[in-house]
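Examination of the molecular architecture
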Amino acid sequence: EDQVTQSPEALRLQEGESSSLNCSYTVSGLRGLFWYRQDPGKGPEFLFTLYSAGEEKEKERLKATLTKKESFLHITAPKPEDSATYLCAVQARTNAGKSTFGDGTTLTVKP
Amino acid sequence: GAVVSQHPSRVICKSGTSVKIECRSLDFQATTMFWYRQFPKKSLMLMATSNEGSKATYEQGVEKDKFLINHASLTLSTLTVTSAHPEDSSFYICSAIPGTGVQPQHFGDGTRLSIL
């Protein structure tokens, strides 16, 4: 069974204080790993897709990396508007289109 | 691009009522759509996967007679909660993917369902 574990559950940072979110996974043949951002009362918004170990993707203050067992979402000099829940999901070769989601990390950035 | 619209955003109704939620892909054809339920401070719980023109595939433990899913076209899927009761109150979210291959899901903004 595919599993995704995200840590920490919640993270509070001061504005400008860089940190990382972790996503550990076990999957029967990884097709892709996705990062999403979810604001309260909204649906998740797609951020990145990573396909293979060693791959990195960047977007503004966010950088996602991937190894064979985990992915990190690095947040550099965060701003209050980066406050949200970040979800990690994996898609296995055996599950056409379906993804297994982690429980998310809720990030709060204080000004 | 890849916009998914979900309607209504909020529903409040009496116990025993059936409620229909629509999910539309506005600028792409969605070969597959997914329906999720999300509990407070919890992640997405997949309820079912629907493909255009075929019956939905429900996850274990999800009552197919309770949660009716129709995917009549490549841009529209509907979820009907039949004879809703207070325990059905939740946040329901749909998503869609265009084509095949490794695709991220594109989500609607969810429907907050409250059954009195």
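Residues numbered from 1 in each chain as written. Chains lettered and ligands numbered in written order. Predicted model: local features only at pLDDT ≥ 70, side-chain atom pairs only at ≥ 80, totals over all residues. Heavy atoms only, no water.

**What to know about the overall build of chain B**
In terms of regular secondary structure, chain B is built from zero helices and 11 strands. Shown N-terminal to C-terminal, the secondary structure of chain B runs as helices and strands in the order β-β-β-β-β-β-β-β-β-β-β. The C-alpha radius of gyration computed for chain B amounts to 13 Å, which stays within 12% of the reference 13 Å derived for 116 residues, consistent with globular compactness. Each principal axis of the C-alpha atoms in chain B carries an extent, and together these give about 40 × 25 × 25 Å. Buried positions account for 51% of the 116 residues belonging to chain B. Contacts in chain B between residues at least 24 apart in sequence constitute 54% of all its contacts with a sequence separation of at least 6. When the accessible area of chain B is evaluated, it comes to approximately 5,600 Å², of which 51% is carbon and sulfur surface. A distance of 6 Å separates the average location of the 11 positive side-chain charges in chain B from that of its 9 negative side-chain charges. (Helix = DSSP H or I, 4+ residues; strand = E, 2+ residues; numbered from the N terminus. Rg over C-alpha atoms; globule rule 2.2 N^0.38 Å. Buried < 20%, exposed > 50% of the residue type's maximum accessible area, 1.4 Å probe, protein only. Contact = heavy atoms within 4.5 Å. Areas by Shrake-Rupley, 256 points an atom, 1.4 Å probe, with all protein chains shown as cover. Lys, Arg positive; Asp, Glu negative; His and termini not counted. Charge placed at Lys NZ, Arg CZ, Asp CG, Glu CD.)

**What about the sheet that holds strand E7 (residues 62-66) of chain A?**
Residues and elements named next belong to chain A. Reading across from one edge, E1-E3-E8-E7-E6 is the order of the five strands in this open sheet, with antiparallel pairing throughout. Edge strands, defined here as strands with exactly one partner in the open sheet, are strand E1 (3-7) and strand E6 (56-59). Taking the axes of each pair of neighbouring strands and ignoring which way they run, one obtains an average angle of 15 degrees across the sheet. Bridge count for strand E3 (residues 19-26) against strand E8 (residues 70-75) is six bridges, and the pairing is antiparallel. Paired with Ser19 across the strands is Ile75, a residue of E8. (Pairing = 2+ DSSP bridges. Axes fitted to C-alpha atoms, helices over the stretch in contact; angles between N-to-C directions.)

**Points about the side chain of Ser71 of chain A**
Residue and element names in this part refer to chain A. One can find Ser71 in strand E8. With relative accessibility at 0%, the residue Ser71 sits in the buried group. Only 2.9 Å separates the side chain of Ser71 from the side chain of Trp35, close enough to count as a polar contact. Among residues more than four places away in sequence, those in contact with Ser71 are Leu21, Asn22, Cys23, Tyr25, Leu33, Trp35, Leu50, Thr65 and Leu66. (Polar contact = N/O pair within 3.5 Å; in protein donor to acceptor, adjacent residues only side chain to side chain.)

**Some points on the pattern of salt bridges**
Residues and elements named next belong to chain B. A complete count under the given rule lists eight salt bridges over all chains for this structure. One salt bridge connects Glu22 with Arg24, and the closest N-O pair in it is separated by 3.5 Å. For Glu22, a relative accessible area of 26% gives the class partly exposed. Note on Arg24: relative accessible area 35%, which makes it partly exposed. (Salt bridge = Lys/Arg side-chain N within 4 Å of Asp/Glu carboxyl O.)

**Examining the interface of chain A and chain B**
A common way to report how large an interface is uses the accessible area buried once the components associate. On the side of chain B, 19 residues touch chain A, which itself brings 20 residues to the contact. A buried area of about 1,600 Å², summed over both sides, lies between chain A and chain B, and 56% of it is on carbon and sulfur atoms. For the chain A face of the interface with chain B, the top three residues by lost area are Pro44, Lys98 and Phe101 of chain A, together amounting to 28%. Where chain A meets chain B, there are two salt bridges. As a salt-bridge pair, Lys42 of chain A and Asp109 of chain B come within 3.8 Å of each other at their nearest N and O atoms. Counting every contact that joins chain A to chain B gives five residue pairs in polar contact (both at pLDDT 80 or more). Contributions of two or more residues to the side of chain A that touches chain B are made by strand E4 (30-38), strand E5 (45-50) and strand E9 (84-92) of chain A. Each residue belonging to the side of chain A that touches chain B can be placed in one class, and the counts come to seven nonpolar, nine polar and four charged. (Buried area = accessible area lost by both parts, 1.4 Å probe. Nonpolar A, V, L, I, M, F, W, Y, C, P; charged D, E, K, R; others polar.)

**Topic: the packing of aromatic side chains**
Aromatic ring pairs are described here by two measures, namely the spacing of the ring centres and the angle between the planes. Across all of its chains, the model carries nine aromatic pairs over all chains by this definition. Taking 5.8 Å as the distance between ring centres and 40 degrees as the angle between the ring planes, the aromatic pair formed by Tyr36 of chain B and Phe107 of chain B counts as tilted. Remark: Phe107 of chain B occurs in strand E10 (residues 106-107) and Tyr36 of chain B occurs in strand E4 (residues 30-38); sequence separation between them is 71 residues. Put simply, the rings of Phe34, Tyr36, Phe46 and Phe101 of chain A together with Phe34, Tyr36 and Phe107 of chain B touch in pairs and so form one group of aromatic residues. (Phe/Tyr/Trp six-rings, centres within 6.5 Å; stacked < 30°, edge-to-face > 60°.)

**As for the environment of Leu66 of chain A**
Residues and elements named next belong to chain A. Relative to the helices and strands, Leu66 resides in strand E7. For the pair Leu66 and Glu9, spaced 57 residues apart in sequence, the C-alpha separation works out to 20 Å. Those residues within four positions of Leu66 in sequence are excluded, and the remaining contacts are Tyr25, Leu30, Leu33, Leu50, Tyr51, Ser52, Ala53, Gly54, Glu55 and Ser71.

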